[in-house]
Amino acid sequence: MMKIPLGMPVFDKEMEEAAVAALRNERFVLGESVYKFEEEFAKYCGTKYAVSTSSGTEALRIAFIASGIKPGEAAITSPASFIASANAIVHAQMQPLFADIDFETYTMSPKHLKRAISDKTRAVLPVHLYGFPADMDSINLIAEERELVVIEDACQAHGASYHGKKTGNLGAIGCFSFYPSKNMTVCGDGGMLTTNDEEIARQAAKLRDCGRKSQYIHDVIGYTSRLNNVNAAIGRVQLKRLDEWNAKRRAAAEEYNRSLTGVGDLVLPPKGSANVSPVYHLYVLRTKHRDELKSWLESQGISCGVHYVLPIHLQPIYQQLYRFEKDDYPNAEELCKTCLSIPIFPNISREEIKFINEKIHDFFNSK
Ligand SMILES: Cc1ncc(COP(=O)(O)O)c(C=O)c1O
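This structure is a prediction, so every number in the text was calculated from the model and none was measured. (Residues numbered from 1 in each chain as written. Predicted model: local features only at pLDDT ≥ 70, side-chain atom pairs only at ≥ 80, totals over all residues. Heavy atoms only, no water.)

Here we look at unusual backbone geometry
And then number 1: Of note, the amide linkage connecting His307 to Tyr308 takes the cis form, showing an omega dihedral of 15 degrees.
And then number 2: Assignment of secondary structure puts Tyr308 in the loop between helix H9 (290–299) and helix H10 (316–322).
And then number 3: Even without being a glycine, Cys187 presents a positive backbone phi close to 60 degrees.
And then number 4: Within the secondary structure, Cys187 sits in the loop between strand S8 (173–177) and strand S9 (191–195).
And then number 5: Even without a glycine there, the phi angle at Arg323 is positive, about 65 degrees.
And then number 6: With relative accessibility at 64%, the residue Arg323 sits in the exposed group. (Helix = DSSP H or I, 4+ residues; strand = E, 2+ residues; numbered from the N terminus. Buried < 20%, exposed > 50% of the residue type's maximum accessible area, 1.4 Å probe, protein only.)

The following block contains the structure:
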């Protein structure tokens, strides 16, 4: 039987050689590959600076602290995200707040953002969910009026673009994850923070390296949140392949779109436009038959995912600590009840996509 995974990271000979060369020839921590990877990543995003970290969550936490936000102040993010978006706010000793999503993009609704802002709000963290850029023009406008710092959670959107700019260059700071499931990975945990602000970049570089001003002088309380050198060496090779991989993801998404339009009650993912180019970190369908369709596809050897089973505000720990309740963010709740991620990765074959499409058609034909 055909077995199709949900995603599949690439690790090739060039990455292996880069890793071994870095291990043999460079420092294990903050070696040459780390600085080169940062330089190349900044150039790719079109920002002046990039600072690598040990994970996407750490990039987010450091972004809040480096931009001068104080403990007790609040940040607003999307409830339809991986829990780390909100965890990073809590790690920075801030209060997590949410603004519901728009169904057109599955990202933060500017209208709901406006309503969610309070006197304590200092930052907004839109999430480019599934690789689709949030409505950054509207979010930036609201943030400017209310003097909020805009930090992009671009952990699922490496290489996506919005009105001629790449994600990571659409707010004050952009944060990326290189976890193995992402559009590019360092073959381990890793993250990156991008910015055009020199002072934020300097502060972030200090915070991820024990608050070090010079070798044994520390003028802030920092963290051990550096990206390992060997992972940076792999990341440099991955970055060179990113555009080609994203193009393949888009082509796969188009094939799904062609075959699945109008099938059953399926809602297909938001499409890009001349100005908005998503990168399909995930290809997410919506249907009220989600659980049944998932079981059927899995019985046919097709791996599926649910991103996410619960919106963040209904995660047990967020309900317990912050008293969020059901129906607080109905759109995010509806997304979580109906979403189904089907396989997408750069090297998925046409035969595999055809097989998945056929099985989805079979499911709805038998309804
Ligand atoms: C939207 C989003 N934010 C934050 C993170 C956290 O990244 P990491 O797992 O590298 O800490 C992830 C990924 O895991 C994510 O998908």
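Structure's up, so let's keep going.
Thoughts on the packing of aromatic side chains
And then number 1: If you walk through the whole model with that rule in mind, you get 15 aromatic pairs.
And then number 2: Geometrically, the ring pair formed by Phe41 and Phe176 is edge-to-face, given 4.9 Å between the ring centres and 80 degrees between the ring planes. Note that Phe41 is positioned in helix H2 (residues 32–45) and Phe176 in strand S8, a separation of 135 residues in sequence. The pair Phe41 / Phe176 is uniform in exposure class, with both members buried.
And then number 3: Relative to Tyr283, the ring of Tyr256 lies with its centre 4.7 Å away and its plane at 35 degrees, an arrangement referred to as tilted. With Tyr256 in helix H8 (residues 229–260) and Tyr283 in strand S13 (residues 283–286), the pair connects residues that are 27 residues apart, well separated along the chain.
And then number 4: Among the aromatic residues, those joined into a ring-pair cluster are Phe98, Tyr318, Tyr322, Phe324 and Tyr329.
And then number 5: Its guanidinium or amino end placed over the ring of Tyr223, Arg61 lies 3.7 Å from that ring's centre, counting from NZ or CZ.
And then number 6: One Lys or Arg, Lys166, reaches over the ring of Tyr44 and ends 4.2 Å from the middle of that ring. (Phe/Tyr/Trp six-rings, centres within 6.5 Å; stacked < 30°, edge-to-face > 60°. Lys NZ or Arg CZ within 6 Å of the ring centre and 35° of its normal.)

Some words on the site of the ligand
And then number 1: Gly56, Thr57, Asp153, Ser177 and Lys182 are the nearest of the 15 residues found near the ligand.
And then number 2: Between the ligand and the protein, one listed contact pairs a nitrogen atom with a side-chain N or O atom of Asp153 at 2.8 Å.
And then number 3: Taking Gln156, its side chain carries an N or O atom lying 2.9 Å from an oxygen atom of the ligand.
And then number 4: Elements supplying a minimum of two residues to the shell around the ligand: helix H3 (56–66) and helix H4 (84–91).
And then number 5: Take the shell around the ligand: its biggest share by element is three residues, from H3. (Near = heavy atom within 4 Å. Polar contact = N/O pair within 3.5 Å; in protein donor to acceptor, adjacent residues only side chain to side chain.)

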